[in-house]
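Breakdown of the fold
Here is how the chains run, residue by residue.
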Amino acid sequence: MKRILLSLALLGAVYGSGGAALAADDLAQCAASAGTYRSGVIVKGPKFAHGQFRKGVELSHTHLKMKADQDGQVYDVAIDNVFAQGFEPGQRSVPASLERIRVNDRIAVCGQLYTRGGVGIHWVHTNCGKRPTPDKPDGWIKLVGADGKTGVNLEDNGAYCDLFKH
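What comes next concerns the included structure. The shown structure was predicted, so the numbers you read here are calculated from the model rather than taken from an experiment.

Turning to the state of the cysteines, a few remarks are in order. For the structure on display, the rule yields 2 disulfides. One disulfide bridge connects cysteine 30 with cysteine 110, the sulfur atoms lying 2.2 Å from each other. Classification of the bridge connecting cysteine 30 and cysteine 110 rests on its S-S torsion, roughly 85°, and on that basis the disulfide is right-handed. Of this pair, cysteine 30 sits in helix H1 (residues 2–32) while cysteine 110 is found in strand S6 (residues 106–114), placing the two residues 80 residues apart along the sequence. Residue cysteine 30 is classed as buried on the basis of its relative accessible area, which comes to 1%. With its sulfur 2.0 Å from that of its partner, cysteine 128 forms a disulfide with cysteine 161. In this structure the cystine formed by cysteine 128 and cysteine 161 twists about its S-S bond by roughly -85°; its chirality is therefore left-handed. In this pair, cysteine 128 is assigned in the loop between strand S7 (120–122) and strand S8 (140–144) and cysteine 161 in the segment after S8, connecting sequence segments 33 residues apart.

Structure follows, in structure tokens:
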């Protein structure tokens, strides 16, 4: 509870009173989705990374760096391209919905923290309707407007969820 209150206080300082209410909604949504919430400023723009293949589809990623409002750390945000709007199998570049993210843009993410090779957050995508758990949250990534309002989830494309059924 103390962490949530501290996060809300920090978000209020960053966004002002109107944005704090919006951030509180995102924080609550993330908690209900079994994820960890971070928001911040992009310090290094999107970069494509190849991945493994599953059922003939490359599970590539987009990586970017975000300086978090919550703790000032720079997080590697690992984004699964297969869940991005506009993803095309065989695409060897950042999907258009993620390519528009630029340095100094603000984002809000919900996912799973990791410390492998530095501090980061991944699983910032839909979990395809499964019950969310801390190791498989129903995550998301959203651009934050100048008014503090978050946009749509850029990682809710469920078209390839069948790739993850066993």
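Before going further, it helps to spend a moment on the nonpolar core. Counting residues in hydrophobic clusters, the biggest one holds 18 residues, and the most contacted among them are Met66, Val77, Val109 and Ile141. Those elements giving two or more residues to this core turn out to be strand S1 (36–49), strand S4 (61–68), strand S5 (74–80) and S6. Those residues in contact with valine 77 that sit more than four places away from it in its chain are Thr62, His63, Leu64, Met66, Val109, Ile121, Val124 and Ile141. If you look at the next biggest cluster of nonpolar residues, it comprises 9 residues, including Val57, Val82, Phe87 and Cys161.

Summed over all chains, the structure comprises 3 aromatic pairs. Relative to phenylalanine 164, the ring of phenylalanine 83 has its centre 5.5 Å away and its plane inclined at 25°; by these criteria the two rings are stacked. Remark: phenylalanine 164 occurs in the segment after S8 and phenylalanine 83 occurs in the loop between S5 and helix H2 (96–99); sequence separation between them is 81 residues. Residues phenylalanine 83 and phenylalanine 164 agree in their burial class; the two are buried. Between phenylalanine 87 and tyrosine 160 the ring centres are 5.2 Å apart and the planes differ by 90°, which places this aromatic pair in the edge-to-face class. Of this pair, phenylalanine 87 sits in the loop between S5 and H2 while tyrosine 160 sits in the segment after S8, and the two are 73 residues apart along the sequence. Residues phenylalanine 87 and tyrosine 160 agree in their burial class; the two are buried. The ring of tyrosine 114 carries the charged tip of arginine 116 above its face, separated from the ring centre by 4.8 Å. Above the ring of tryptophan 140, the side-chain terminus of lysine 142 is found at 4.2 Å from the ring centroid.

Rules behind the numbers
Residues numbered from 1 in each chain as written. Predicted model: local features only at pLDDT ≥ 70, side-chain atom pairs only at ≥ 80, totals over all residues. Heavy atoms only, no water. Disulfide = S-S within 2.5 Å. Helix = DSSP H or I, 4+ residues; strand = E, 2+ residues; numbered from the N terminus. Buried < 20%, exposed > 50% of the residue type's maximum accessible area, 1.4 Å probe, protein only. Core = buried A, V, L, I, M, F, W, Y, C linked by side-chain atoms within 4.5 Å. Contact = heavy atoms within 4.5 Å. Phe/Tyr/Trp six-rings, centres within 6.5 Å; stacked < 30°, edge-to-face > 60°. Lys NZ or Arg CZ within 6 Å of the ring centre and 35° of its normal.

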